[in-house]
Amino acid sequence: MKLKFNKPVGTPDPFIFEDNGRYYIYATAHEGVALYTADDIFGEWEFYGYVCKIEGCVQYWAPSVIKYEDKYYIYVSCQGEGFFQHLHVAMADSPEGPFVESRMLYNRFSIDSHVVETESGLFLFYAENNENCDIVGTRVFVDRLLDPYTPEHKSREIIVPTFHEENFNGRIINGKLWHTIEGPFWIYKDGWHYLMYSGGCYENDTYHIGYSTAKTDETDLTKVDFVKHTDNGGFAPLMIKNDFEEGVGHHSVICIDGQYYAVYHGRDYDKGDIVTSDYRTARICKLELRDGIIKAERYPDRV
């Protein structure tokens, strides 16, 4: 089901966050991180403004937010000098920002953060490229954060492309077909680690949400060995285009009263309700997580 927004623009890469009973969605935008707020996730979302801007940068992709020691930290990739996106972090006193005191985390292409805290500290899931392998492309990594601003710089690759459906629109780089795994989101429930992700190209029919799992009580997330969910080794996406929406991908998850919900972007086939060139709009569906398996319930007009 599509979420309701009071501003008719796209809401790509929606990251949902709750604080003191109010809900926030941070989204990709050209001029800064776009923020929408609501008292009820199923009510109308109001456009708040652009809450994070870094001098000299544009194209703010896939933000995520964490509250840590009474401060709020936003992690987002953006483009400064040159073509590539780089992950940055900035801090605020409230979820509404403004997020300031920014710092670049990596001086290489890096996108799609999810920062989480366990008993072992802070950990950053994100995506970067690997060309020194058989199936080249963008993959999911994890790194420890020594503090909200400082990666340990011991990134470990944890989800890699394995299926043709994960190729990025037929792109060829150095003679090899490029694949993409990105948009990680981590959940821990009943002894299971779930690491969800997006695969493929958002313009393609095979763009999808998948997941990997690990059953362990390990809290150092750099030591967890995730196994990609498949159908006896075959391609088995959790969410992909269906008869009422396409371009399904890049999501976040929230738990309300014990019920998990995925907030993701997709496109309507007619695209008639969006007046901008970016047709990706935020949608919501129920998730069931049980014994290492995730199931999604998707409907066009209800949750």
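The paragraphs below set out a description of the structure included in this document. (Residues numbered from 1 in each chain as written. Predicted model: local features only at pLDDT ≥ 70, side-chain atom pairs only at ≥ 80, totals over all residues. Heavy atoms only, no water.)

Structural notes on the sheet that holds strand β3 (residues 22–27)
Phase 1 of the analysis: The 5 strands are arranged β1-β5-β4-β3-β2 in an open sheet whose pairing can be described as mixed. Edge strands, defined here as strands with exactly one partner in the open sheet, are β1 (4–5) and β2 (15–19).
Phase 2 of the analysis: Note that β3 and strand β4 (residues 33–38) share 5 bridges and pair antiparallel. From the neighbouring strand, Tyr 26 faces β4, where its bridge partner is Leu 35. (Pairing = 2+ DSSP bridges. Helix = DSSP H or I, 4+ residues; strand = E, 2+ residues; numbered from the N terminus.)

What about the pattern of salt bridges?
It is possible for side chains bearing opposite charge to pair when their charged atoms get close.
Phase 1 of the analysis: Using the criterion set out here, one finds 19 salt bridges in the structure.
Phase 2 of the analysis: With a shortest N-O distance of 2.5 Å, Asp 93 and Lys 71 are connected by a salt bridge. Highlighted residues: Asp 93 in the loop between β8 (85–92) and β9 (100–104) and Lys 71 in strand β7 (residues 71–79), separated in sequence by 22 residues.
Phase 3 of the analysis: Of the residues examined, Asp 93 reaches a relative accessible area of 57% and is grouped as exposed.
Phase 4 of the analysis: Between Asp 268 and Arg 283 there is a salt bridge, with its nearest N and O atoms 2.9 Å apart. Of this pair, Asp 268 sits in the loop between β22 (259–267) and β23 (281–290) while Arg 283 sits in strand β23, placing them 15 residues apart in sequence.
Phase 5 of the analysis: Taking the relative accessible area as the measure of exposure, Asp 268 reaches 13% and is therefore buried. (Salt bridge = Lys/Arg side-chain N within 4 Å of Asp/Glu carboxyl O. Buried < 20%, exposed > 50% of the residue type's maximum accessible area, 1.4 Å probe, protein only.)

What to know about empty space enclosed by the protein
Phase 1 of the analysis: The full count for this structure, using the stated rule, is 3 cavities of 30 Å³ or more.
Phase 2 of the analysis: Along the walls of the largest cavity sit 14 residues, with Phe 15, Ser 113, Pro 184, His 250 and His 251 positioned nearest its centre.
Phase 3 of the analysis: At the level of elements, β6 (58–68), β10 (111–118), β16 (176–189) and β21 (246–256) are the ones that each hand at least two residues to the lining of the largest cavity.
Phase 4 of the analysis: Per-class residue counts for the lining of the largest cavity are 6 nonpolar, 6 polar and 2 charged. (1 Å grid on protein atoms, 1.4 Å probe; cavity = no way out; pocket = protein on both sides within 12 Å on 5 of 7 lines; lining within 4 Å. Points joined across faces, edges and corners; volume = space filled by probe spheres on them. Nonpolar A, V, L, I, M, F, W, Y, C, P; charged D, E, K, R; others polar.)

Digging into unusual backbone geometry
Leaving glycine aside, a negative phi is the common case for residues, and trans is the common case for peptide bonds.
Phase 1 of the analysis: Along the chain, Gly 97 connects to Pro 98 via a cis peptide bond; the corresponding omega equals 0°.
Phase 2 of the analysis: Its identity is not glycine, yet Asn 169 carries a phi of approximately 60°, on the positive side.
Phase 3 of the analysis: Examined against the element boundaries, Asn 169 turns out to sit in strand β15 (residues 167–173).
Phase 4 of the analysis: You will see that Asp 291, though not glycine, has its phi angle at about 50°, which is positive.

Structural notes on the packing of aromatic side chains
Phase 1 of the analysis: Evaluated as defined, the whole model comprises 15 aromatic pairs.
Phase 2 of the analysis: Aromatic pair Tyr 73 and Tyr 149: ring centres 6.0 Å apart, planes at 85°, arrangement edge-to-face. With Tyr 73 in strand β7 and Tyr 149 in the loop between β12 (137–147) and β13 (150–151), the pair connects residues that are 76 residues apart, well separated along the chain. Each of the two residues, Tyr 73 as well as Tyr 149, counts as buried.
Phase 3 of the analysis: With a centroid separation of 6.4 Å and 15° between ring planes, the pair formed by Trp 186 and Tyr 188 is classed as stacked.
Phase 4 of the analysis: Judged by relative accessible area, which is 36%, Tyr 188 ranks as partly exposed.
Phase 5 of the analysis: Here the aromatic cluster, defined as three or more aromatic residues joined through ring pairs, consists of Phe 5, Tyr 36, Trp 45, Phe 47 and Tyr 50.
Phase 6 of the analysis: Here Arg 280 stacks its cationic end above the ring of Tyr 202, 4.3 Å away from the centre of that ring.
Phase 7 of the analysis: Over the face of the ring belonging to Tyr 299 we find Arg 302, whose NZ or CZ atom lies 3.7 Å from the ring centre. (Phe/Tyr/Trp six-rings, centres within 6.5 Å; stacked < 30°, edge-to-face > 60°. Lys NZ or Arg CZ within 6 Å of the ring centre and 35° of its normal.)

Observations concerning the layout of surface pockets
Phase 1 of the analysis: Estimates place the volume of the largest pocket at around 980 Å³.
Phase 2 of the analysis: The wall of the largest pocket is formed by 40 residues, among which Thr 28, Gln 59, Trp 61, Tyr 202 and Arg 280 lie closest to the centre.
Phase 3 of the analysis: Going through the elements one at a time, β4, β5 (44–52), β6, β10, β15 and β16 are the ones with two or more residues in the lining of the largest pocket.
Phase 4 of the analysis: A class-by-class count of the residues in the lining of the largest pocket yields 19 nonpolar, 12 polar and 9 charged.
Phase 5 of the analysis: Its volume calculated, the second largest pocket comes out at about 450 Å³.
Phase 6 of the analysis: Forming the walls of the second largest pocket are 20 residues, and the residues nearest its centre are Ile 16, His 114, Phe 185, Val 253 and Ile 254.
Phase 7 of the analysis: Taken together, the elements giving at least two residues each to the lining of the second largest pocket come down to β2, β6, β10, β16 and β21.
Phase 8 of the analysis: Taken together, the residues that form the lining of the second largest pocket break down as 17 nonpolar, 1 polar and 2 charged.

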